[in-house]
Amino acid sequence: MGKVSDECREVDFIAGEILYFNKPLDWTSFDLVNKFRHTLSRKLNVRKIKVGHAGTLDPKATGVMILCTGKATKRIEEFQYQTKEYVATLKLGETTPSFDLEKEVDRTYPVDHVTCEMVRETLTKFTGEIRQIPPAFSACKINGKRAYELARKGKETSLKAKTLVIDTIELLTCALPVIQIRVICSKGTYIRALARDIGIALHSGAHLTALQRTRIGDVTLDKCLLADRMDDFLENVIIKTIEDETV
């Protein structure tokens, strides 16, 4: 459930519903959850309703997010373990502390030696089971604190490498120093960290300039609701449910 075309079906957000959203740029995942929870509570005229999400997206990322309400929140872990697909744009020769545009460029590196063929060859080294150190600006916990909370305060963070699986990396465009890639990967993959590691492997640097999650499991962008249609969507499905109950 997610698109406006699904509005004809009966809904019960208290018992539990699953919705698909296209997270806007510069919203945190929690911004989307909180906006939906507030809007839904107001529409239903209830003070509290359980809403959660599967798979956090960074503020500078857009794309598929799955929200669950009520008893359907028990399925969040199920969705988190599903394969994810991303389209990422990387700029080579520069790094930022966050590995994306959340922070400004802090270092520059040579790129004249990099060729598109070298990029293609390097990407093959990141398929299969790999070890990856999460970014300091991440939701990983260090002594009970989120790593990004410490990083944003300028405190040192030390995160351990994690094992993950990258099924596919495809080079979509190569207009050096900018490249665009498609990545299909497992839970726990940080595309920002992948950008960092690709830059290092190319004996240069890299950071994300754009990131879009295009799929979680079978949920693709074309099935997702835009955040600015949230009010209309909820108004329509709730009115339809009320009308059905009064017939």
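Scroll up for the structure.
Caption draft 1: Local environment of the overall build of the protein. Looking only at helices and strands, the protein has six helices and 14 strands in total. Out of the 247 residues in the protein, the part that is buried amounts to 47%. Intrachain contacts of the protein at a sequence separation of at least 6 include 71% that bridge at least 24 residues.

Caption draft 2: Structural context of the side chain of lysine 23. Mapped onto the secondary structure, lysine 23 falls in strand β1 (residues 18–23). Ignoring any residue separated from it by four or fewer positions in sequence, one finds lysine 23 in contact with Thr28, Ser29, Leu32, Leu57, Asp58, Pro59, Ala61, Thr62, Gly63 and Met65.

Caption draft 3: Representation of the pattern of salt bridges. All chains considered together, the criterion is met by eleven salt bridges. Between glutamate 94 and lysine 91 there is a salt bridge whose closest N-O contact spans 3.4 Å. We classify glutamate 94 as buried; its relative accessible area is 19%. Across the salt bridge formed by arginine 120 and glutamate 117, the nearest N and O atoms sit 4.0 Å from each other.

Caption draft 4: How the structure looks around the nonpolar core. Membership of the largest hydrophobic core comes to 45 residues, with the highest contact counts inside it found for Phe13, Phe36, Leu90, Ile181 and Ile191. Val64, Phe79, Val219 and Cys224 belong to the second largest nonpolar core, which has twelve residues in total.

Caption draft 5: The arrangement of the pairing of β1 in detail. Most of β1 sits out of view: six of its six residues are buried. Across the two faces of β1 the burial is the same, with Ile18, Tyr20 and Asn22 and Leu19, Phe21 and Lys23 all buried. Note: β1 against strand β3 (residues 61–69), six bridges, orientation antiparallel. Note that in β3 the partner of asparagine 22 across the bridge is valine 64.

Caption draft 6: Representation of the side chain of histidine 207 in the model. Within the secondary structure layout, histidine 207 lies in strand β12 (residues 206–216). Since its relative accessible area comes to 2%, histidine 207 is described here as buried. Within the structure, histidine 207 has its side chain in polar contact with the backbone oxygen of glutamate 94 (distance 3.1 Å). Non-local contacts of histidine 207, meaning those with residues more than four positions away in its chain, are made with Thr89, Leu90, Lys91, Glu94, Thr95, Thr96, Phe99, Asp100, Leu101, Val105 and Ala195.

Caption draft 7: Structural detail: the state of the cysteines. For the structure shown, the criterion picks out one disulfide. Cysteine 116 shares a disulfide with cysteine 174; S-S distance 2.1 Å. Between cysteine 116 and cysteine 174 the disulfide shows an S-S torsion of about -95 degrees. By sign, it is left-handed. In this pair, cysteine 116 sits in helix α3 (residues 116–123) while cysteine 174 sits in strand β10 (residues 162–175), placing the two residues 58 residues apart along the sequence.

Definitions and limits used
- Each residue is numbered by its place in its chain's sequence as written, counting from 1.
- Local features in this predicted model are restricted to residues whose pLDDT is 70 or higher, and side-chain atom pairs enter the listing and the counts only when it is 80 or higher, whereas totals over whole chains, interfaces and linings include all residues.
- Side-chain measures were taken over the full set of non-hydrogen atoms in the model, leaving aside hydrogen atoms and water.
- By the criteria applied, helices consist of DSSP H or I runs no shorter than four residues and strands consist of E runs no shorter than two, each listed in order from the N terminus.
- Here's how the labels work: a residue is buried when its accessible area is under 20% of the maximum for its type, exposed when over 50%, partly exposed in between, all with a 1.4 Å probe on protein chains only.
- Here, residues are in contact when the closest pair of their heavy atoms is within 4.5 Å.
- Each salt bridge in this description consists of a side-chain nitrogen of Lys or Arg and a carboxyl oxygen of Asp or Glu lying within 4 Å of one another.
- Working definition of a nonpolar core: buried Ala, Val, Leu, Ile, Met, Phe, Trp, Tyr and Cys residues. They are joined through side-chain atoms within 4.5 Å.
- Strands qualify as paired when DSSP identifies two bridges or more between them.
- By the criterion applied in these results, polar contacts are pairs of N or O atoms within 3.5 Å in which, for protein atoms, one can donate a hydrogen and the other can accept it, and in which residues neighboring in sequence qualify only through two side-chain atoms.
- When two cysteine sulfur atoms are found within 2.5 Å, that pair is recorded as a disulfide.

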